[in-house]
Amino acid sequence: MANEWHYAVVVGVDQYPRINGGDFDLKCPIDDAEQIKEWLISSGGGDVHPDRVKVLTRLLPAGRNPPVPVFDEINEAIIECTEDFKRRREQKFSKQADQKEAWKQSRFYFYISGHGVDGEGDDAVLITANASLISLNHISTRSVLNKLKTSRAFADLVVWADCCRDLPTVTIQDLPWDLGERGYNIPKMPRSFIAYAARNRKKAYEPNGGSSKNSIFTQVLLEGLKGGVPGKHVDSDNLRKFMLDCVPRRALELTDVEQHPEINADTGILFGKPVIKDYLVKLTPRAGSVFESLPSVDILDMDNATIRSRRTFLADSDGVFIGRLETGFYGVVPPGGNPLQDGSPVQPIGVFGKDTNETIG
Amino acid sequence: MKPSVNRFGTLSVMPQRDFGLESGDRRSVPRRIQVTDNTLSLVAKGFGELEGKKLPAGIYQVRVESVKKPFEKMVFLPPKGNVSVAYPTNPEEPLPSCAPVPGSGGMHEFIREPLDKILLRKTSRSKPCRIVVMVTQPEGGLPIKLNGFRLQDEKGHVISDLADESLFSFPKEGGPSAATTWKIFSIDVSPGGIVLVAPENTLGIEGFVSQPLWCSRNWSTVVFMGASSGLPLLSTISIYLWKIGASFAPEQHYTLREQYETPYILRSQKATELALQSLINGRSLLSMDEVDSNLLVEKFNNPMLGIFGCHLLLQRTPKNQDLIRTVLSNLKKLVPQHPDVVALEIMSRLIGLGDAKQPLQNVHWPPMLRRGYVAMRDKDWQSPGFIVKQSMCDRIRTRVLTGGVWTRWITPDTGEKSKFASRSVRARFTNPLKGKTKTLAGDAEEISRRTGAFEHTSQQILSYAIQLRKAGRAEIKPDDLEWTGMSQLQVKKTLRYFREKDFFGAKRRIQKNARSSVVRAIQAKIRQLQSELEGLLSATAVRTSFAKRRSTGVAVGKRRRLAVAARKHPGRSRRRKAKVAGSAKVNKQD
């Protein structure tokens, strides 16, 4: 059953026709928005009803005059979500207690992908499609968050902003909303998960070539949401840690530049159903090492000075050990080895949300 | 369950000690070290080195950040084991800064020496301050040119046109046109504010950008800028305050080199640049606990270290209140009335530090750091008049650029006319709202004219007001416009304009209501009159009928009495009848 009280607005701005005659255009935002939408509506993922996911790109909804999407329609989409949630809640439940329970299960996702502005330090500001050198039209995620938090429109607020934070402008416009009080005064609510693709005054990047059509931050975000995080549950805590580690790693691999996300998250927000995702791992023994010519190796998962699990990778015809592992750190040892007790040789390796090839020994 | 002590190991992370580098090489920068476990949780961190960290036995990732590719290593920590990880140091990896200070890319002896000579010179009594602008390009390349750069006073008068090469010192070889590695300009001035104006071509801001400088008595305000292909880059600016007559590069002097203060001076310069880069990156590159308290407290002779340090301390949680108080107190002694120090006082009072009873003096010049300016502007919103009206601080309100460390605004200001006033800037930002009627564009211009606000901001206000109106709001309140950076007075003028234009339709509603009420009143009156008329009419009918009934009754009564009398007195009645008949005859004859 879909998450009945979850809503989402997904925005991807790839073209800026009024800036430098198209030199400012991007490759990935439409695919970014599409992939995020797919995760949101998938039953194993966000499980949000498709009618409650509003996608705004150059192509969707069809039939609009470019340049789109613009501030007004993003604004209206968010307000529509808040209005629809309030209306449905009141129609379904006559008792306040039931409405309160429904509110506690609610969530709003706000995803943006495009160029961005250097806001007031704690903001990611998306430049909208109709921006020009004359007028850098924009929408501030911090303003969206503040308004939704103040009005308690939803219990969980999730913002994923895949945009740069380096261009200066004059004055970040506030949002003309007055939603009033929509929710309930419950301690530590609303909760929020706020992830920006880059640190303050830094850029976010698209990959230089490669097979993925997504921006680097969105690639890693999707990987984490689909189970790439360490552990079985994708929650705010391990998604944050996964992204802090893997976004810089992926940026260096794909673009040879530094990109560090900025993430602030309240604990306990779950994303999707429990899932364990594993990756293909190939371990090539170095010539002359203890692992050379072994028929197999043991892969140890250690935690707090104890061995949590042991699995075996067999060697193929080339002597390469092949198997599948989840994201995490492991010790590769000869069969039966226990470095915590008998001092056997151990090769530490890491799996970071993707297929891995390592040389060991 | 926590493992027993025997199940712990000790992890250390150190920089490699390469031959050929002095220990504590002046160009090395402490690197940020992070250690994560198999859940990718951060279990240890440090700067430069991490010594003897006790962790449960297991697998860890050591990561050392770097300007180039970070150093990463997976390590196994055995029970009761000692593991030491050495990361490579690269002398080519200094801080990305142009300031010729230890640890930065601009650190070259051939740059420090000429700078030092200028800073050692005494000033005159009439002009006890100095401004120094130094542009560096250590790798050389095209000659450094500062076309479009200038220094202006508050009124917009040009003090120095930095395109004039005769004003500069430069390497002797090859003359001014061959100044490819450094150029220095200096001028002695009176205490107060000066504006550095520079051309800027960043997207969205094409034209000129201004940045405030403050000159304190007996101090040099030193502005460092890096250059690329001969063009100075505003984004690389670094500002120092240095005591006039004090050596900036004591290591260059034989007599000063061995003095005990020399290492402190070098360390304070390095810490200053690290603190600045921390503010720029939004991420600490140094631990304030590791900055020797001597640098901020006892041997405090570097105000910019104090200013940057205080900003960093105010951002941290929990806050080291004693250190903040001490640094602030030292700053007030060293550079009294410096706008950045005033701004720090405001910011510290917000967290309960400082003497709230001591009133703050009104301000007229913006601080050099943008966070400080925002704090001043917020204070002025709460206490209108705190920023002196029409002062520089007031005039730039709606032009200040977002983001960045330094306070910068778009020029020209209406009060800053100079021969360099850029039509291009006005043209780019004076834009009729595209797709809207001319009336709206005229509205934006009129708001700007009345309030002095930047026209781009006026357009945003108009757009915001339209959105509010669409959302059904009947009015716009002053607090709704706090985000614009305007003063309360400017906001009042804006709201007055909206009222005059009846932007939200209040007058029309009132008139409509008034018309309705007049109509209702007239209708009520009509009804009242109608009912009165009806009342009158019905009253008249009653009297008439009543009168009829009365007269009829009288006649009947009279006949009855006559009949009774006739019965009683027949003769009298006959004579009466004859009399009546006689008069009737007479009447007939008439």
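Up top you'll find the structure we're talking about.
Residue and element names in this part refer to chain B. This structure, assessed with the given rule, holds zero disulfides over all chains. Take Cys98: it sits in no disulfide, and the sulfur closest to it among the cysteines is that of Cys215, at 19 Å. Classification of Cys98 by relative accessible area gives buried; the value is 8%. With no disulfide of its own, Cys129 lies closest to Cys215 among cysteine sulfurs, the gap being 5.5 Å.

Residues and elements named next belong to chain A. Within the secondary structure, Pro29 is located in helix α1 (residues 29-41). Note: C-alpha distance between Pro29 and Asn214 (185 residues apart in sequence) is 7.4 Å. Discounting chain neighbours no more than four positions away, the residues touching Pro29 are Gly12, Val13, Asp14, Ser113, Gly114 and Glu206.

Residue and element names in this part refer to chain B. Following the sequence through the fold, Thr136 ends up in strand β8 (residues 129-136). Its relative accessible area of 2% is what places Thr136 among the buried residues. C-alpha of Thr136 to C-alpha of Ile59: the two residues are 77 residues apart in sequence and 46 Å apart in space. In contact with Thr136, other than residues within four places in its own chain, are Cys98, Ile111, Ile144, Thr181, Trp182, Met225, Gly226 and Ala227.

Positionally, Ala287 of chain A belongs in the loop between β10 (278-285) and β11 (296-303). Placed 72 residues apart in sequence, Ala287 of chain A and Thr359 of chain A show a C-alpha to C-alpha distance of 9.9 Å.

As a further point, take a nonpolar patch on the surface. All names here are of chain B. Taken together, the side chains of Val518, Ile522 and Ile526 present a nonpolar region at the surface, about 260 Å² in accessible area. Mapped onto the elements of the fold, Ile526 is located in helix α14 (residues 506-568). Ile526 gets classed as partly exposed once you look at its relative accessible area, which sits at 42%.

This part covers the sheet that holds strand β13 (residues 321-326) of chain A. Residues and elements named next belong to chain A. The seven strands lie next to each other as β15-β14-β11-β12-β13-β10-β16, forming an open sheet whose pairing is mixed. Edge positions in the sheet fall to β15 (347-351) and β16 (356-360), since each has one partner strand and no second. Taking each pair of neighbouring strands and ignoring which way they run, the sheet shows an average axis angle of 30°.

Let's shift gears to the interface of chain B and chain A. Between chain B and chain A, the residue contacts involve 63 residues of the former and 58 residues of the latter. Taken over both partners, the interface formed by chain B and chain A buries close to 4,900 Å², and the fraction arising from carbon and sulfur atoms is 56%. Linking chain B to chain A there are three salt bridges. Across the pair Arg199 of chain A and Glu65 of chain B runs a salt bridge whose closest N-O atoms are separated by 3.9 Å. Here chain B and chain A share 17 residue pairs in polar contact (both at pLDDT 80 or more) between them. Taken together, the elements giving at least two residues each to the side of chain B that touches chain A come down to β5 (58-64), β6 (71-77), α3 (261-281), α8 (370-382), α10 (423-429) and α12 (455-470) of chain B. Broken down by element, the side of chain B that touches chain A gets its largest block of residues, eight residues, from α12 of chain B. The class makeup of the residues in the side of chain B that touches chain A is 28 nonpolar, 21 polar and 14 charged.

Residues and elements named next belong to chain A. Looking along the chain, the bond that leaves Pro66 and enters Pro67 is cis, with omega of 0°. In this structure, Pro67 sits in the loop between β2 (53-56) and α2 (71-92). The omega torsion across Met189 and Pro190 is 0°, close enough to zero to call that bond cis. Its place among the elements puts Pro190 in the loop between β7 (156-163) and β8 (191-196). Here the phi dihedral of Lys188 falls at roughly 65°; this positive angle occurs in a residue that is not glycine.

Take helix α1 (residues 109-120) of chain B next. All names here are of chain B. The end-to-end C-alpha distance of α1, which contains twelve residues, comes to 16 Å, matching closely the 16 Å that a straight helix rising 1.5 Å per residue would cover. Among the residues of α1, those classed as buried are Ile111, Arg112, Pro114, Leu115, Asp116, Ile118 and Leu119. Among the structural elements, β8, β11 (168-169), β12 (182-189), β15 (219-228), β16 (231-243) and α3 are those in contact with the buried residues of α1.

Take the sheet that holds β5 of chain B next. If you walk across this open sheet you meet the four strands as β3-β2-β5-β6 (chain B), and the pairing is antiparallel. Strand pairing shows two members of the sheet lacking a second neighbour, β3 (42-47) and β6 of chain B, which therefore form its edges. In this sheet, adjacent strand axes meet at a mean angle of 20° when their direction is disregarded. Note: strand β2 (residues 32-36) of chain B against β5 of chain B, four bridges, orientation antiparallel. Bridge pairing links Val35 of chain B to Val62 of chain B in β5 of chain B. Along the sheet, helix α6 (residues 236-255) of chain A makes contact with β2, β5 and β6 of chain B, crossing β5 of chain B at roughly 55°.

Our focus in this paragraph is the side chain of Ser236 of chain A. Residues and elements named next belong to chain A. Relative to the helices and strands, Ser236 is located in helix α6. At 3.3 Å, the side chain of Ser236 forms a polar contact with the backbone nitrogen of Gly268. Each residue touching Ser236, except ones within four places of it in the same chain, is listed here: Phe193, Ala265, Asp266, Thr267, Gly268, Ile269 and Phe271.

Moving on: the packing of aromatic side chains. We describe a pair of aromatic rings using the distance from one ring centre to the other and the angle between the two ring planes. Residue and element names in this part refer to chain A. If you walk through the whole model with that rule in mind, you get 25 aromatic pairs over all chains. Seen in terms of ring centroids, Trp39 and Tyr109 are 6.1 Å apart; in terms of plane orientation they differ by 80°. Their pairing is edge-to-face. Linking Trp39 in helix α1 with Tyr109 in strand β3 (residues 107-114), this pair joins segments that are 70 residues apart in sequence. Across the pair, exposure class does not vary: Trp39 and Tyr109 are buried alike. Measuring from ring centre to ring centre gives 5.3 Å for Phe193 and Phe271, while their planes differ by 80°; the resulting arrangement is edge-to-face. Within this pair, whereas Phe193 is found in strand β8, its partner Phe271 is found in the loop between β9 (262-265) and β10, the two being separated by 78 residues in sequence. Overall, the relative accessible area of 0% leaves Phe193 in the buried class. In textbook terms, an aromatic cluster arises when at least three aromatic residues are bridged by ring pairs, as seen for Trp5, Tyr7, Phe85, Phe93, Phe108, Phe110 and Phe154.

Before going further, it helps to spend a moment on the packing of helix α5 (residues 303-315) of chain B against helix α6 (residues 321-334) of chain B. Residues and elements named next belong to chain B. One way to put it is that α5 packs onto α6 with a least axis distance of 10 Å and a crossing angle of 150°. Compared by their axis directions, α5 and α6 come out roughly antiparallel. The two elements α5 and α6 meet at a crossing, and its hand is left-handed. Counted together, Pro303, Gly306, Ile307, Cys310, Leu313 and Leu314 of α5 and Leu323, Ile324, Val327, Leu328, Leu331 and Leu334 of α6 form the full contact between these two elements. When its residues are assigned to classes, the contact of α5 with α6 shows eleven nonpolar, one polar and no charged.

Reading the values: rules and limits
Residues numbered from 1 in each chain as written. Chains lettered and ligands numbered in written order. Predicted model: local features only at pLDDT ≥ 70, side-chain atom pairs only at ≥ 80, totals over all residues. Heavy atoms only, no water. Disulfide = S-S within 2.5 Å. Buried < 20%, exposed > 50% of the residue type's maximum accessible area, 1.4 Å probe, protein only. Helix = DSSP H or I, 4+ residues; strand = E, 2+ residues; numbered from the N terminus. Contact = heavy atoms within 4.5 Å. Patch = residues over 30% accessible without salt bridge, like charges linked within 9 Å, V, L, I, M, F, W, Y side chains within 5 Å. Areas by Shrake-Rupley, 256 points an atom, 1.4 Å probe, with all protein chains shown as cover. Salt bridge = Lys/Arg side-chain N within 4 Å of Asp/Glu carboxyl O. Pairing = 2+ DSSP bridges. Axes fitted to C-alpha atoms, helices over the stretch in contact; angles between N-to-C directions. Buried area = accessible area lost by both parts, 1.4 Å probe. Polar contact = N/O pair within 3.5 Å; in protein donor to acceptor, adjacent residues only side chain to side chain. Nonpolar A, V, L, I, M, F, W, Y, C, P; charged D, E, K, R; others polar. Expected span 1.5 Å × (residues − 1). Phe/Tyr/Trp six-rings, centres within 6.5 Å; stacked < 30°, edge-to-face > 60°. Parallel < 35°, antiparallel > 145°, perpendicular 65-115°, else oblique. Left-handed = near helix turned anticlockwise from the far one by under 90°.

Interpretation in functional terms is not warranted from these geometric data alone.
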